[in-house]
Amino acid sequence: RVPPVNTMLRHAAVFAGSALRGGARVASEARQLQQIRYLNIHEYQGAELMAKYGVRVPPGIACHTPDEVAAAAAKLSGDSGEVVVKSQVLAGGRGLGTFKSGLKGGVHIVPAGDAKALSEKMLGQVLVTKQTGEAGKPVNALLVAEKMTLVNEMYFAILLDRASAGPMVIACSEGGTSIEDLAESHPEKIIKMKIDLDAGLTQAQALELAEGLRVSGDANDAAKQLRALYDVFVQSDCTMLEVNPLAETDEKLLVAADAKLNFDDNAEYRQKTLFALRDHSQEDPREVAAGAHDLNYIGLDGNIGCMVNGAGLAMATMDIISLHGASPANFLDVGGNASEQQVVEAFKILTADKKVKALLVNIFGGIMKCDVIASGIVNAAKQVGIQVPLIVRLEGTNVEAGKEILKASGMDIIAADDLDDAAKKAVAALA
């Protein structure tokens, strides 16, 4: 029986809280570079989704070629003769970003006749923003939107609140800017409203929010738009819906001018249409490859590649590597029941990272048997042709059989007695 949406949302909120509390010991690099555990879609895709639920969005057309941009600009130029051309990357700070080619800004307002020439400088280029890191993100699509006259910009978001195990609305009458900075300087301006999962966002609550947002138009119409946004959040299994700005037009109608939506990966089985929108070009290719083989991988900046079974043991391994003066190159959890082929694929991902100068395998065999992992290590090493020191620590079920397989392989594998010994030998191998 499929759990109802409200039940899954409640579980997701509770899990989010416990995961945050339980992950305190993850190395600093892992806190900074977290694996994406949710679906993130482009702005134009989010606008199309919201429109299906009756949310007003600016008229816009997604384009993938300069000719498509030219046609869209001609259609959307309106009385002003101008359009907005927006880079579609899965990162914030696009307006202040810089292309690696030197072009400044990932969002431009230009005359319709200039849109095609501009798009030729944007499509296929890499945009670097404050959220992408130095690597940047490729721009494979542009959103050409109608230039609208927006007034009274606001902020509106729905998140999962772990304390109440349910959705919470975060809103502010001042939007279009960094909500984090505003919350720090003027916390009294931030509206927080907990939503009962069974009742949903009620009409009374929506009207209260409209008043708090200082909507100047019809309050009932504004409440209808806010409730439509809540419907998007619940029915689409969102983990976050953020509209910044939520603005009024010169006709005093609310419009979701720019929005960011994330979706719970656990709901993929019933949100297949949404998850088909996933843009792998925006993700770390190593994480994409790991996901294809049901491996949990996070790329980091160190030089010791780690392959471990179990998230807790993986975090402990990363910590002890740091304790002995080196840095982990990744977090890679092969899980408790990995097959030999998964181990082979894990090695391929690890050795493809040019920064890796040593490999540390740390396996505790409970469900995972040490002889299976040992066979996988030997076969992977033969297939991949490992050119860096390989340190292996095995313990648990069938450990003696596993050690015998490694010994009989004739390969240059450095055996370790325990985790501390393994970390010391991995660090020493870097010298």
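Residues numbered from 1 in each chain as written. Predicted model: local features only at pLDDT ≥ 70, side-chain atom pairs only at ≥ 80, totals over all residues. Heavy atoms only, no water.

A. Examining the nonpolar core more closely. The biggest cluster of nonpolar side chains holds 39 residues, and the ones touching the most others in it are Phe-156 and Phe-263. No other element matches helix H8 (residues 219-235), which puts nine residues into this core. With residues up to four places along the chain from it excluded, the contact list for Phe-156 reads Val-169, Ile-170, Ala-171, Leu-209, Leu-226, Leu-229, Leu-241, Glu-242, Val-243 and Leu-246. With 32 residues, the next largest nonpolar core counts Leu-332, Val-356, Leu-359 and Val-361 among its residues. (Core = buried A, V, L, I, M, F, W, Y, C linked by side-chain atoms within 4.5 Å. Buried < 20%, exposed > 50% of the residue type's maximum accessible area, 1.4 Å probe, protein only. Helix = DSSP H or I, 4+ residues; strand = E, 2+ residues; numbered from the N terminus. Contact = heavy atoms within 4.5 Å.)

B. Representation of the packing of helix H12 (residues 340-351) against helix H13 (residues 370-384). Taken N-terminus to C-terminus, the directions of H12 and H13 make an angle of 45°; their axes are 8 Å apart at the nearest point. Between H12 and H13, the angle is such that the two are oblique. Seen along the crossing, H12 lies across H13 with a hand that is right-handed. Note on element contacts: H13 touches H12 through Val-372, Ile-373, Ser-375, Gly-376, Ile-377, Asn-379, Ala-380, Gln-383 and Val-384, opposite Glu-340, Val-343, Val-344, Phe-347, Lys-348 and Thr-351. (Axes fitted to C-alpha atoms, helices over the stretch in contact; angles between N-to-C directions. Parallel < 35°, antiparallel > 145°, perpendicular 65-115°, else oblique. Left-handed = near helix turned anticlockwise from the far one by under 90°.)

C. How the structure looks around helix H15 (residues 419-428). What H15 keeps buried is the set Leu-419, Asp-421, Ala-422, Ala-423, Ala-426 and Val-427. Buried positions along H15 lie against strand S16 (304-308), helix H11 (311-323), strand S18 (358-365), strand S19 (390-396) and strand S20 (413-415). Sitting at the amino-terminal end of H15 is Asp-418, which places a side-chain oxygen 3.3 Å from the backbone nitrogen of Asp-420. (Polar contact = N/O pair within 3.5 Å; in protein donor to acceptor, adjacent residues only side chain to side chain.)

D. Fine view of H13. Between the first and last C-alpha of H13 there are 21 Å, a value that for 15 residues agrees with the 21 Å anticipated at 1.5 Å per step. Where H13 is buried, its residues contact S16, H12, S18, S19, helix H14 (399-408) and S20. (Expected span 1.5 Å × (residues − 1).)

E. Representation of the layout of surface pockets in the model. When its volume is computed, the second largest pocket comes out at roughly 230 Å³. Around the second largest pocket, the lining comprises 14 residues; the ones closest to its centre are Glu-146, Lys-147, Met-148, Thr-149 and Asp-250. Its residues assigned to classes, the lining of the second largest pocket comprises three nonpolar, five polar and six charged. (1 Å grid on protein atoms, 1.4 Å probe; cavity = no way out; pocket = protein on both sides within 12 Å on 5 of 7 lines; lining within 4 Å. Points joined across faces, edges and corners; volume = space filled by probe spheres on them. Nonpolar A, V, L, I, M, F, W, Y, C, P; charged D, E, K, R; others polar.)

F. Focus on the sheet that holds strand S3 (residues 82-87). Overall, antiparallel pairing links the four strands, which are arranged S2-S8-S3-S5 in an open sheet. Both edges of this open sheet fall to strand S2 (60-63) and strand S5 (107-111), since each of them pairs with a single strand only. Across this sheet, the average inter-strand angle for adjacent strands is 25°, counted without regard to direction. Against the sheet, helix H4 (residues 66-76) engages S2, S3 and strand S8 (142-146), with an angle of about 175° to S2. (Pairing = 2+ DSSP bridges.)

G. Molecular detail of the confidence of the model for the chain. Of all residues in the chain, 91% have pLDDT values of 70 or greater, and the mean over the chain is 87. Low pLDDT, under 50, characterises residues 1-36; the predicted model gives this stretch 62 contacts beyond four residues in sequence or across chains. (pLDDT = per-residue confidence, 0-100.)

H. Local environment of the packing of H4 against helix H5 (residues 115-122). It is the contact of H4 with H5, at a shortest axis distance of 8 Å, that shows an interaxial angle of 145°. Between H4 and H5 lies a crossing whose hand is right-handed. Packed against H4, whose contacting residues are Pro-66, Asp-67, Val-69, Ala-70 and Ala-73, the element H5 presents Ala-115, Lys-116, Ser-119 and Glu-120 at the interface. Split by residue class, the contact of H4 with H5 holds five nonpolar, one polar and three charged.

I. Seen up close, the environment of Val-139. Within the fold, Val-139 resides in the loop between strand S7 (137-138) and S8. With a relative accessible area of 0%, Val-139 lands in the buried category. For the pair Val-139 and Val-89, spaced 50 residues apart in sequence, the C-alpha separation works out to 6.1 Å. The residues touching Val-139, leaving out its near neighbours within four places in the chain, are Ser-87, Gln-88, Val-89, Phe-99, Met-122, Leu-123, Gly-124, Gln-125 and Leu-127.

J. Structural context of the pattern of salt bridges. Evaluated as defined, the whole model comprises 14 salt bridges. A salt bridge links Asp-221 to Arg-56, with the shortest nitrogen-to-oxygen separation between them at 2.7 Å. Here Asp-221 is found in helix H8, whereas its partner Arg-56 is found in the loop between helix H3 (43-52) and S2, with 165 residues between them in sequence. The class for Arg-56 is partly exposed, based on a relative accessible area of 24%. (Salt bridge = Lys/Arg side-chain N within 4 Å of Asp/Glu carboxyl O.)

K. Representation of unusual backbone geometry in the model. Residue Pro-245 follows Asn-244 across a cis peptide bond; omega there is 10°. You can see Pro-245 is positioned in strand S12 (residues 238-249). In this structure, Arg-214 takes a positive phi of about 60° despite not being glycine. Tracing the sequence through the fold places Arg-214 in the loop between helix H7 (203-212) and H8.

L. Structural detail: the side chain of His-42. Position of His-42 among the secondary structure elements: in the loop between strand S1 (38-40) and H3. Every residue in contact with His-42, bar those within four places of it in the chain, is listed here: Gln-88, Val-89, Leu-90, Asp-279 and Gln-282.

M. Representation of the sheet that holds strand S6 (residues 126-128) within the structure. In spatial order, the strands read S4-S6-S7; together these three strands make up an open sheet with antiparallel pairing. This sheet does not close on itself; its edge strands, each paired only once, are strand S4 (98-99) and S7. Of the strand pairs in this sheet, S6 and S7 are connected by two bridges, and their pairing is antiparallel. Bridged to Val-126 within S7 is Pro-138.

N. Representation of the state of the cysteines. With the rule as written, the count across this model stands at zero disulfides. Free cysteine Cys-306: the closest other cysteine sulfur is in Cys-370, separated by 18 Å. Under the relative-accessibility criterion, Cys-306 is labelled buried at 2%. (Disulfide = S-S within 2.5 Å.)

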